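Next come the chains, spelled out residue by residue.
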Amino acid sequence: MKKYGCIGKKLTHSFSKEIHARLADYAYDLIELSEEEVPPFLERKDFQAINVTIPYKQTVIPYLDSVSDIARRIGAVNTVVNRDGTLCGYNTDYYGMMALIRHAGLCLTDKKVLVLGTGGTSRTARVVAHDMGASEILTVSRSKTDKTKENISYEEAVTLHADAQIIINTTPVGMYPDCDAKPIDISAFDHLEGVIDAVYNPLSTNLVLDARERGIRSEGGLYMLVMQAVVAVEKFLDTEIDRDMADRTFAEILAAKENIVLTGMPGSGKSTVGKRIYMDGYEFIDTDAEVEKACGCTIKELIAAKGEEFFRNLEAEVIRDVSSRSGRIISTGGGAVLRAENVRALKRNGKLFFLDAKLSRLRATSDRPLSDTEDKLVKLYHERLGIYKATADVTVPDLGEADAEAEYILAKRMESIL
């Protein structure tokens, strides 16, 4: 008997198992089911409690004996508790979405809200926005129907509702592995105060990063995922979880997922410092080494044979690949941050730490063709220093020792998470 778990069609990238492991002491299984397998699974009632994810949040409803008021209003169930053979359905996404909006520091009272998408999470967002006092809630759909006229198109959102103050994305656009995509261009929304994205993988979608670059409050869906799980566990075990414990769980999950990205001049010690950062389960990756692995030669030989532009294009491919997954310490090449696409890719799942090594500490070496003489090195340093600082989330001062700089990075990282 599988007592606790989550059912869905594809659960390969689910974080639910590790979240529940931090919140409660029970085995929690990820159970992938086809559409045909869902009815008999529910009819057997061979579970104590389960979460339900895409695409079965509505499928399960006819098999339940009772549905909570909130779940009924939303029209979707993501938590089912088996009470002595009676299946009771709830929607804990509601509490997760509300907690996420508050965590992002947003107030929806008397605000105009655009909800992108029409699925189960969209219905959750609309009910939450209503309950948080939004004055107008518009659903944006790519498949607007003339029959109901309930939804607006993306074109109408931009041309007729550019005064929207809050955007909530409930579509999968921008989700791994299609991380380069985004559901809407926010540049037209001059009154925008906040952006919420239910997508949690990557940690920060392009939509969220666009908002941050404009100084707009924004947040991805990881906090929602954790907080809905907190309420689900409370339903599972008929208990109450302390809010401090809930926030600690979020911090632990974020700490286990967020990449540590090291940037800086050639010879600033990125690889050395990276290898001194001890994080359980984390993998160290040097993007220069990955480039050399991909081309089968040294970077110096690659640039000599095919030019710097070819090298930069290959470097961008490598960065896009290594930064798409979480739980990594990534040492980047000296010129990685020169391309905005690289910075964007690295920030989707990571925080950028610039090693601000003093110029006097740097050395020209023959294996670095762009800084193989002192004159080239000095010129490069002054050209790039401003870019390093502008793209970094944290500037790491020159502390003289790799261990000290590694400790500084870990401390600053936990400060930002907590």
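Positions within a chain are numbered from 1, following the residues in the order the chain's sequence is written. Only residues with pLDDT of at least 70 get local features here, since the model is predicted, and only at 80 or more are side-chain atom pairs given and counted; chain-wide, interface and lining totals rely on the full set of residues. Excluding hydrogens and water, the side-chain values take into account all heavy atoms of the structure.

Trainee: Help me out: how do you make sense of the pattern of salt bridges in this one?
Mentor: Note that side chains of opposite charge can pair when their charged atoms are close. Salt bridge criterion: a side-chain nitrogen from Lys or Arg within 4 Å of a carboxyl oxygen from Asp or Glu. Under the counting rule described, the total for this entry stands at 29 salt bridges. With its nearest N and O atoms 2.9 Å apart, the salt bridge here joins Glu18 to Lys257. Of the two residues, Glu18 is situated in helix α1 (residues 16-23) and Lys257 in helix α9 (residues 243-257); the sequence distance between them amounts to 239 residues. When a residue's accessible area, from a 1.4 Å probe over protein chains only, is under 20% of the maximum for its type it is buried; when over 50% it is exposed; and in between it is partly exposed. Look at Glu18 and you get partly exposed, because its relative accessible area is 27%. We note a salt bridge from Glu252 to Arg22, for which the minimum N-O separation is 3.2 Å. Taken together, the residues span a long stretch of sequence, with Glu252 in helix α9 and Arg22 in helix α1 at a distance of 230 residues. Numbering of helices and strands runs from the N terminus; a helix is a DSSP stretch of H or I covering at least four residues, while a strand is a stretch of E covering at least two.

Trainee: Looking at this structure, I do not really get the packing of aromatic side chains. What am I missing?
Mentor: One pair of aromatic rings is described through two measures. These are the centre distance and the angle between the planes. Here is the rule: rings of Phe, Tyr and Trp (six-membered ring for Trp) pair when centre to centre is within 6.5 Å. Planes less than 30 degrees apart are stacked, more than 60 are edge-to-face, and the remainder are tilted. All chains considered together, the criterion is met by eight aromatic pairs. Relative to Phe236, the ring of Tyr26 has its centre 6.2 Å away and its plane inclined at 45 degrees; by these criteria the two rings are tilted. Of this pair, Tyr26 sits in the loop between α1 and β2 (28-32) while Phe236 is found in helix α8 (residues 222-237), placing the two residues 210 residues apart along the sequence. Tyr26 gets classed as buried once you look at its relative accessible area, which sits at 14%. For Phe236, a relative accessible area of 6% translates into the label buried.

Trainee: What is the right way to look at the pairing of strand β3 (residues 49-52) in this model?
Mentor: In the case of a regular strand, side chains alternate between the two sheet surfaces. A two-sided burial pattern is seen for β3, the buried positions comprising Ala49 and Asn51 on one face and Ile50 and Val52 on the other. Across four bridges, the pairing between strand β1 (residues 4-8) and β3 is parallel. Note on β3: the bridge partner recorded for Ile7 is Val52. One requirement defines pairing of two strands: DSSP has to find at least two bridges between them. Bridging between β3 and strand β5 (residues 79-83) involves three bridges; their strand directions are antiparallel.

Trainee: Teacher, can you tell me more about a negative patch on the surface here?
Mentor: Here the term patch refers to residues with relative accessible area over 30% and no salt bridge, with like charges joined within 9 Å and nonpolar side chains (Val, Leu, Ile, Met, Phe, Trp, Tyr) within 5 Å. Per-residue accessibility takes into account occlusion by the displayed protein chains alone, with areas from the Shrake-Rupley method and a 1.4 Å probe. In this tally Asp and Glu are treated as negative and Lys and Arg as positive; neither His nor the chain ends contributes. All charge positions are set by atom: Lys at NZ, Arg at CZ, Asp at CG, Glu at CD. A contiguous patch of negative charge on the surface is contributed by Glu240, Asp242, Asp244 and Asp247. Locating Asp244 in the fold gives a position in helix α9.

Trainee: Any chance you could explain the sheet that holds strand β17 (residues 394-397) here in plain terms?
Mentor: Strand-to-strand pairing in sheets goes through backbone hydrogen bonds, with the strands running parallel or antiparallel. A sheet is described by the order of its strands in space; here five strands give the open sequence β14-β15-β13-β16-β17, paired in parallel fashion. Strand pairing shows two members of the sheet lacking a second neighbour, β14 (283-286) and β17, which therefore form its edges. For this sheet, the mean inter-axis angle between neighbouring strands, taken without regard to orientation, is 25 degrees. With three bridges connecting them, strand β13 (residues 259-263) and strand β15 (residues 328-331) associate as parallel partners. The residue of β15 that forms the bridge with Ile260 is Ile329. Contacts from helix α14 (residues 340-349) reach β13, β15 and β16 (350-356), with the element oriented near 120 degrees to β16. Across the face of the sheet, helix α16 (residues 402-417) comes into contact with β13, β16 and β17 while running at roughly 150 degrees to β17. Axis lines are fitted through C-alpha atoms, for helices just across the contact stretch, and the angle between N-to-C directions can take any value from 0 to 180 degrees. Any two residues whose heavy atoms approach within 4.5 Å are treated as being in contact.

Trainee: What am I meant to see in the side chain of Thr287 here?
Mentor: Looking at where Thr287 falls in the secondary structure, it is placed in helix α11 (residues 287-295). Looking at Thr287, the relative accessible area reads 0%, which means it is buried. Excluding its chain neighbours within four sequence positions, the residues that come into contact with Thr287 are Val318, Ile319, Val322, Ile330, Ser331, Thr332 and Gly333.

Trainee: Mind showing me how you'd approach helix α12 (residues 299-306) here?
Mentor: One turn of an α-helix holds 3.6 residues; hence residues three or four places apart share an orientation. Those residues of α12 not exposed but buried are Ile299, Leu302 and Ile303. Within α12, the buried residues cover an arc of 95 degrees as seen down the axis, which keeps them to one side. More than 90 degrees from the buried face of α12, the exposed residues found are Ala304 and Ala305. Where α12 is buried, its residues meet α11 and α13 (308-322). Summarising the geometry, the arc corresponds to the directions from the helix axis toward the C-beta atoms.

Trainee: Honestly, the packing of helix α7 (residues 206-213) against α14 in this entry has me stumped. Any pointers?
Mentor: Helix-helix packing is characterised by the crossing angle of the two axes and by the distance between the axes. Packing of α7 against α14 leaves a shortest axis separation of 10 Å and a crossing angle of 110 degrees. Overall, the two elements α7 and α14 adopt an arrangement that is roughly perpendicular. Counted together, Asn206, Leu209, Asp210 and Glu213 of α7 and Arg344, Lys347 and Arg348 of α14 form the full contact between these two elements. Any residue that is not Ala, Val, Leu, Ile, Met, Phe, Trp, Tyr, Cys, Pro, Asp, Glu, Lys or Arg is counted as polar, Gly included; the first ten are nonpolar and the last four charged. In terms of residue class, the contact of α7 with α14 is built from one nonpolar, one polar and five charged. Note on terminology: angles under 35 degrees are roughly parallel, angles over 145 are roughly antiparallel, angles of 65 to 115 are roughly perpendicular, and the others are oblique.

Trainee: Sorry, what's going on with the side chain of Ser122 here?
Mentor: You can see Ser122 is positioned in helix α5 (residues 120-131). If near-sequence neighbours (up to four positions away) are discounted, Ser122 is found in contact with Val115, Gly117, Thr139 and Thr170.

Trainee: What is the right way to read the environment of Thr86 from this model?
Mentor: Tracing the chain through its elements places Thr86 in strand β6 (residues 86-90). Among the residues examined, Thr86 registers a relative accessible area of 34% and is labelled partly exposed. In the structure, Thr86 is positioned 64 residues away from Arg22 in sequence and 28 Å away in space, judged by C-alpha atoms. When residues no more than four places from it in sequence are discounted, the contact partners of Thr86 are Asp65 and Val81.

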